[in-house]
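Summary of structural features
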Amino acid sequence: MANPTPQIPQLVPIATEPGSRFERIPVTLFANSREASRRVALEFANLIRAKQMLGQTAVLGLATGSTPIGVYQELVRMHREEGLSFRNVVTFNLDEYFPISATAAQSYRRFMTEHLFAHIDIPDAQIHIPDGTVPPEGVAAFCTAYEQAIVQAGGIDIQILGIGRTGHIGFNEPGSLKKSLTRLIKLDDLTRRDAAKDFQGVENVPTRAITMGVKSILNARRVFLLAFGEHKAAIIRTAVEGDVTSAVTASFLQEHDNACFILDIAAAQDLTRVKTPWLAGSLQDNNLSWDAAMTRRAVTWLALKIGRPILKLTDRDYNENGLHELLNEHGPAYDLNLQVFRSTQGTITGWPGGKAGTGVFPKRVLIFTPHPDDGFISMGGTLRRLAQQGHEVHFAIQTNGCGAVGDDIALRYVEFQRDYAALQGENTHPTHEAWSILASELIEKTPATADSPSLRALKGLVRRGEARAAARIAGIPIERLHFLEMPFYLAGGTSKRPVESADIAIIHDLLTTIQPHQIYAAGDLGDPHGTHRLALEALERTRQLTATQPWASDCAWWLYRSPWQEWAVHEIDMAVPLSPDELATKIRGICQHQSQRTQTPLATAGENPREVWQQAETANHATSAIYDKLGLAEYEAIEAFKRWLP
């Protein structure tokens, strides 16, 4: 008789009770993705060590994408610092694009090698990843053999998953059946658009993939679905609180005996217990209170829900929509309405840097942008207004953004330089030869080939020129553009490297030199290992180092967000109205960034991709419309900011 599976310590749910009547699967919340990743990695380590003690094999189901990178980093750390061995581990990866070379920049085999397998002592023979190079006629047999290999290994002990915006797990797109096994599948258009940035355009994303099926996943003894970032919030709510349906394959996990969703607060923000906690029970019973922030959140939610301005809400409106506790404690409605109306109205200002005669004027303002275009897309109107109102505006571009420049755009610049050299009679000059070599590299290059250092440098220069053009429109002197070239961005592999001391030193020197009165930074944190999150992490760590400097105590920090993840109205601390002309000028600034893939992949299912400037215009119009619906002044557009407190 086989030895029984050892008892592995279970995750301790955090504050799940408030949402118990809405959530149909266990959900564990963490303050951030780093804590969540460490916890899941510990579960892996506990299993591996327990199995080692019994002389057994630990079978792990692994996933790719940015979500599990933190788990793999922690496992590598445990291997190096704690001696965690993977000699008794067998792994099965969920999926792989088809067809794709194992050495392609977007290959999941390459991803796993770079992030995990190259850094631990697992034998190669114990690694299983779907093969993107199998001949089409051999795919069916390969998939059958993959399922058999899982069974022969004893079944998967722990399976980790991410979730796509279609609700897919693995590549089990909408419509996948619960009984499905490993197979070749056609990718959803939204899934392909989400992958477009990795392939330099949606036209280069494979249309198919090999994936473990829904049943393959549900056969695992334990399943952890990890989701981090605001962009996952909507689909998480559907999968956790909605019905079980093949339209959202992650919802099938509700029927698993030992599955759990592992979320950071951002990914959980649309769950009932987080978004509208008053509907999940008494706030006091759940360690919450009706403070000013919660009150503003509830009252603005109520006004938008029933379509009535704040000042027209009645006691009956509060009682009929789950806010009787707020009404009883802080009512009547008239008092609540007036309080929230005034606080929301107080966020509106046409002077984001302050007026002359009201404190320091002019101010030194430092705007950080993760990529060259982010700041213009998110706060181009405010940026221009600060400059026009006489403030000393500095624009700090944290990375060169070379990864977003398509090869076709780069080739256009290279051919121009080559032809210009020829026009000057420099056909035999080394400069002309260098451009010719780079042109040949680009012509022969495929989207699956990583950029050479020379090509990355060229693409960075393309974006630098575009940033200068946009800065002129915004009225920022070129000498106040700061191209920081932060090292974390230039990893050269399938992802960025962690923020290190060299990144901190660059920002520290800039802050110490400028000593700003205001700082603006990008605050949308969808990807736990994406440029925005790492750029903000570097700022946060530097802020701690400079906290005792004399200028720091009087410096106000503000966060902006991209158009596809704007602040909710109750989160806004400063709303800067834009006139029609100001909005048009902002759009002109955005359009200077011509090397970008002009269509954002972040459209919803069934929606056509839209130009980035259209997304920005729509978001600014939408924020203004919300203020109008709440009964406040009507503006053409509004850019929104949240104060960033230490």
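These numbers come from a predicted model, not from an experiment. (Residues numbered from 1 in each chain as written. Predicted model: local features only at pLDDT ≥ 70, side-chain atom pairs only at ≥ 80, totals over all residues. Heavy atoms only, no water.)

1. Some points on the pairing of strand β11 (residues 364-369)
Among the 6 residues that make up β11, 5 are buried, leaving the element largely enclosed by the rest of the structure. Note: β11 against strand β12 (residues 392-397), 6 bridges, orientation parallel. Pairing of Thr369 across the sheet is with Ile397, part of β12. In this region the chain leaves β11, passes through helix α13 (residues 374-388) and returns to the parallel neighbour β12; the handedness of that crossover is right-handed. Pairing analysis gives 3 bridges linking β11 to strand β14 (residues 518-522), with the strands arranged parallel. Across the sheet, Leu366 pairs through a bridge with Ile519, a residue of β14. (Buried < 20%, exposed > 50% of the residue type's maximum accessible area, 1.4 Å probe, protein only. Helix = DSSP H or I, 4+ residues; strand = E, 2+ residues; numbered from the N terminus. Pairing = 2+ DSSP bridges. Right-handed = clockwise from strand over helix to strand, strands pointing away.)

2. Structural notes on helix α12 (residues 333-345)
Relative to the 18 Å expected for 13 residues at 1.5 Å per residue, α12 spans 18 Å between its end C-alpha atoms, a close match to the ideal helical length. Inspection of α12 places Ala333, Leu336, Asn337, Val340, Phe341 and Thr344 among the buried residues, and these make up the whole buried set. One side of α12 holds all its buried residues, which, seen down the axis, span an arc of 125°. Away from its buried face by more than 90 degrees, α12 exposes Tyr334 and Arg342. (Expected span 1.5 Å × (residues − 1). Arc of directions from axis to C-beta.)

3. Side note on the packing of helix α1 (residues 33-53) against helix α2 (residues 69-82)
Pairs of packed helices are described in terms of their axes, by the angle between the two and the distance that separates them. Running from N to C, α1 and α2 point in directions that differ by 50°, and their axes come no closer than 8 Å. One way to sum up the angle between α1 and α2 is to call them oblique. Note that α1 runs across α2; the crossing there is right-handed. Here Ser37, Arg38, Val40, Ala41, Leu42, Phe44, Ala45 and Arg49 of α1 come into contact with α2, specifically with Gly70, Val71, Glu74, Leu75, Met78 and Glu82. Partitioning the contact of α1 with α2 into residue classes produces 8 nonpolar, 2 polar and 4 charged. (Axes fitted to C-alpha atoms, helices over the stretch in contact; angles between N-to-C directions. Parallel < 35°, antiparallel > 145°, perpendicular 65-115°, else oblique. Left-handed = near helix turned anticlockwise from the far one by under 90°. Contact = heavy atoms within 4.5 Å. Nonpolar A, V, L, I, M, F, W, Y, C, P; charged D, E, K, R; others polar.)

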